[in-house]
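This is what each chain is made of:
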Amino acid sequence: MSEHIDKNVFQTILSPVLPLIEVNQNSLHNDLDTYKLSLSSFTTNLLFGIITRIKSVGQIVTEIKTSPTAKALGLVVASKSMYNEAFNRYPPEIFKDIFHQLVKELDLHKIPEISHLGKMLIVDGSLFPAISNMAWACYKKTANAIKMHLSFELNRMIPTEFISTEGNFSEKEFVKQILREGITYVCDRGYIAFNLFKQISDSNAFFIIRGKSNMTYTVKECLTATVPDTFLKFFSDITDSNIIFNSDENKASYRIVSFTAMGENYILITNRNDLTTYEIIMLYAYRWQVELFFRFIKRTFKGIHLMSQSPHGVQIQFYLYMIAYLLLLSFKQDTEIISRENEKDEHESEENNKNEALLTSSSCSNSNAKRPYVCGLVTLLGEKLKQFYKIGLHWLLAVKNNLLEIFDVNIAKVIAQYSYQ
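Keep in mind that what you see is a predicted model, and the values were worked out from it rather than measured.

Caption draft 1: The arrangement of the overall build of the protein chain in detail. For the protein chain, the helix and strand inventory stands at 18 helices and 10 strands. Expressed as a percentage of its 421 residues, the buried residues of the protein chain come to 52%. The long-range share in the protein chain, meaning contacts at least 24 apart out of those at least 6 apart in sequence, stands at 65%.

Caption draft 2: Inspection of the layout of surface pockets at higher detail. Considering only enclosed or pocket space, the largest pocket measures out at about 550 Å³ in volume. Around the largest pocket sit 20 residues that line it, and F235, A261, Y266, A285 and W288 are the ones nearest its centre. Taken together, the elements giving at least two residues each to the lining of the largest pocket come down to β9 (253-261), β10 (264-270), α12 (277-285), α13 (288-300) and α16 (376-389). It is α12 that contributes the most residues to the lining of the largest pocket, four residues altogether.

Caption draft 3: Main features of the environment of F87. Structurally, F87 is set in helix α7 (residues 80-89). For the pair F87 and I316, spaced 229 residues apart in the sequence, the C-alpha separation amounts to 7.2 Å. For F87, the residues in contact, after removing those within four places along its chain, are F42, L46, V57, M307, S308, H312, G313, I316 and Q317.

Caption draft 4: Representation of the pairing of strand β3 (residues 143-153) in the model. The buried fraction of β3 is high, at 10 of 11 residues. Pairing geometry for strand β1 (residues 120-130) and β3, over 10 bridges, is antiparallel. Residue pairing across strands places V123 opposite S151, the latter belonging to β3. Across two bridges, strand β2 (residues 138-140) lies against β3 in antiparallel orientation. Its bridge partner lying in β3, K140 is registered against A143. Taking the residues that link successive antiparallel strands as the turn, the β2-β3 hairpin has two residues.

Caption draft 5: Examining the packing of aromatic side chains more closely. In total, this model carries 28 aromatic pairs according to the counting rule given. Ring centres of F197 and Y254 lie 5.6 Å apart, and the angle between their planes is 75°; on these two criteria the pair is classed as edge-to-face. Separated by 57 residues along the polypeptide, F197 in helix α11 (residues 194-202) and Y254 in strand β9 bring together distant segments of the chain. Residue F197 shares its accessibility class with Y254, and that shared class is buried. Each ring, one from F296 and one from Y325, has its centre 5.4 Å from the other, and the planes form 75°; the classification is edge-to-face.

Caption draft 6: Region of the structure containing the nonpolar core. One finds I13, F42, Y83 and F301 to be the most contacted residues of the largest nonpolar core, which totals 106 residues. With 16 residues, helix α14 (residues 311-341) is the single largest residue contributor to this core. Those residues in contact with Y83, other than ones at most four positions away along the chain, are L37, F42, N45, L46, V57, I60, V61, I64, V76 and A78. If you look at the next biggest cluster of nonpolar residues, it comprises 25 residues, including I178, A205, F207 and M215.

Caption draft 7: View of the pattern of salt bridges. Applying the stated criterion to the full structure yields 12 salt bridges. R89 is paired through a salt bridge with D31; the nearest N and O atoms lie 3.9 Å apart. Taken as a pair, R89 in helix α7 and D31 in helix α3 (residues 31-34) lie far apart in primary sequence, 58 residues in all. Residue class for D31 comes out buried when judged on its relative accessible area of 5%. Of the charged contacts, one joins K176 and E173 as a salt bridge, the two residues approaching to 3.5 Å between their closest N and O atoms. You can see K176 and its partner E173 sitting in helix α10 (residues 171-178), three residues apart, about one turn around the helix. Judged by its relative accessible area of 35%, E173 is partly exposed. Because the salt bridges share partners, they merge into one network encompassing D124, D188, R287 and E291.

Caption draft 8: Focus on the side chain of S308. One can find S308 in the loop between α13 and α14. By relative accessible area, S308 is classed as buried at 9%. There is a polar contact of 3.3 Å between the side chain of S308 and the side chain of S310. In this structure, S308 is in contact with F87, M134, G313, V314 and Q317, ignoring residues within four places of it in sequence.

Caption draft 9: Looking closely at the packing of helix α2 (residues 18-27) against helix α4 (residues 39-51). Remark: α2 packs on α4, axes separated minimally by 9 Å, with the N-to-C direction vectors making an angle of 145°. Of the residues in α4, those touching α2 at I21, N24 and Q25 are L39, S40 and T43. Class assignment of the residues belonging to the contact of α2 with α4 gives a composition of two nonpolar, four polar and no charged.

Caption draft 10: Expanded view of the side chain of S310. For S310, the position within the fold is in the loop between α13 and α14. At a separation of 2.9 Å, a polar atom in the side chain of S310 contacts the main-chain amide nitrogen of G313. Setting aside residues no more than four positions away along its own chain, S310 makes contact with N88 and W136.

Caption draft 11: Here's a closer look at unusual backbone geometry. At N30, a residue that is not glycine, the phi angle is positive and equals roughly 65°. Tracing the backbone through its elements, the reader meets N30 in the loop between α2 and α3. For M262, which is not glycine, the phi torsion reads 55° and is therefore positive. Take M262: it is sitting in the loop between β9 and β10.

Caption draft 12: Fine view of α11. Taken residue by residue, α11 has L196, F197 and I200 as its buried positions. Looking straight down α11, one finds its buried side chains confined to an arc of 105°; they lie on one side. Contact partners of the buried residues in α11: α10, β6 (206-210), β8 (235-245), β9 and β10. In the stretch just after α11, N204 is the one whose phi turns positive, near 60°.

Rules behind the numbers
- Residues numbered from 1 in each chain as written.
- Predicted model: local features only at pLDDT ≥ 70, side-chain atom pairs only at ≥ 80, totals over all residues.
- Heavy atoms only, no water.
- Helix = DSSP H or I, 4+ residues; strand = E, 2+ residues; numbered from the N terminus.
- Buried < 20%, exposed > 50% of the residue type's maximum accessible area, 1.4 Å probe, protein only.
- Contact = heavy atoms within 4.5 Å.
- 1 Å grid on protein atoms, 1.4 Å probe; cavity = no way out; pocket = protein on both sides within 12 Å on 5 of 7 lines; lining within 4 Å.
- Points joined across faces, edges and corners; volume = space filled by probe spheres on them.
- Pairing = 2+ DSSP bridges.
- Phe/Tyr/Trp six-rings, centres within 6.5 Å; stacked < 30°, edge-to-face > 60°.
- Core = buried A, V, L, I, M, F, W, Y, C linked by side-chain atoms within 4.5 Å.
- Salt bridge = Lys/Arg side-chain N within 4 Å of Asp/Glu carboxyl O.
- Polar contact = N/O pair within 3.5 Å; in protein donor to acceptor, adjacent residues only side chain to side chain.
- Axes fitted to C-alpha atoms, helices over the stretch in contact; angles between N-to-C directions.
- Nonpolar A, V, L, I, M, F, W, Y, C, P; charged D, E, K, R; others polar.
- Arc of directions from axis to C-beta.

Here it is, written out as structure tokens:
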């Protein structure tokens, strides 16, 4: 707590990124002396706007001019034209480097119940509407759009890499660009391609991708479907097989897990032969985390409203959303730990011990195996997702209303009260 004692909440949230901003600020010759809205003030002001859920540059300008909170924080008053110029002046690579440094340096919690399964990235894309004069963002004859292609790490529940393109850019090409050895990529049906399957396998990487019902294949071997009895009430018609696709020129062997859930049929294609049937199903089930992240960016951060019309400006805006997300998630996890460590009430202490056990051990795991079969990933992750990995609207509002407060145990407790809302 000593490093936080003299910092308010806003300074505490930004503390991991401020040294990185300073390094980049110092690398820009005369930037600080030349521009009122320098790299440092431009970045800080926009992060303030994102954290306080302001959707446009114009509203940020008004907020900083008139808000007592912004004045107390010492934010630089600047015009809308200054922001527009800064979006074009600074290269997106600056913000990209800052984002990747935070991904590497922040001490974010990992989910131990799935860590033994390896590093898993959920990959997906989402469209952001663009105005008609953004001709570079071509999508349809009647509409422009920007597509964010994102890799989302399931182990820490964070974005790790993204690109923003015109709406028509291929989702499969993004996967090829981010391929790394040993990583498992979890994707939906838009990523089906036999050459992509081969390229992932040739890269010594792995995939779990949902197949289409009209795909034909020949079964080489029927495997034993291993799903705990507790979950049989959610799934039916479960099969597990090694197959060869009839249309695959490479005649490569893959594994297919098929099942029915809530009346819908699923076919999951994978090259991971070490996982159980249940683990494959559960890992794909958590693909929806990336959908929730996109919803968070668009609705909670109000990212559906673009602050810049240029390709570089859009990239900067998206990188700042990612940076703000990482900073807030790190702050939330620190706040939760501080709040729980200082809780004196016996009942709440017992609950905290229960949560700590969920966070640090596989308390529901089979004693004869290293994989959780009884409670399952959904049960194990459910409580932790709310407390340690989800930035809710009520929690964010509590943060906003306490930005000027000195960050101490009492403020940590106040903010932590809204973790589950």
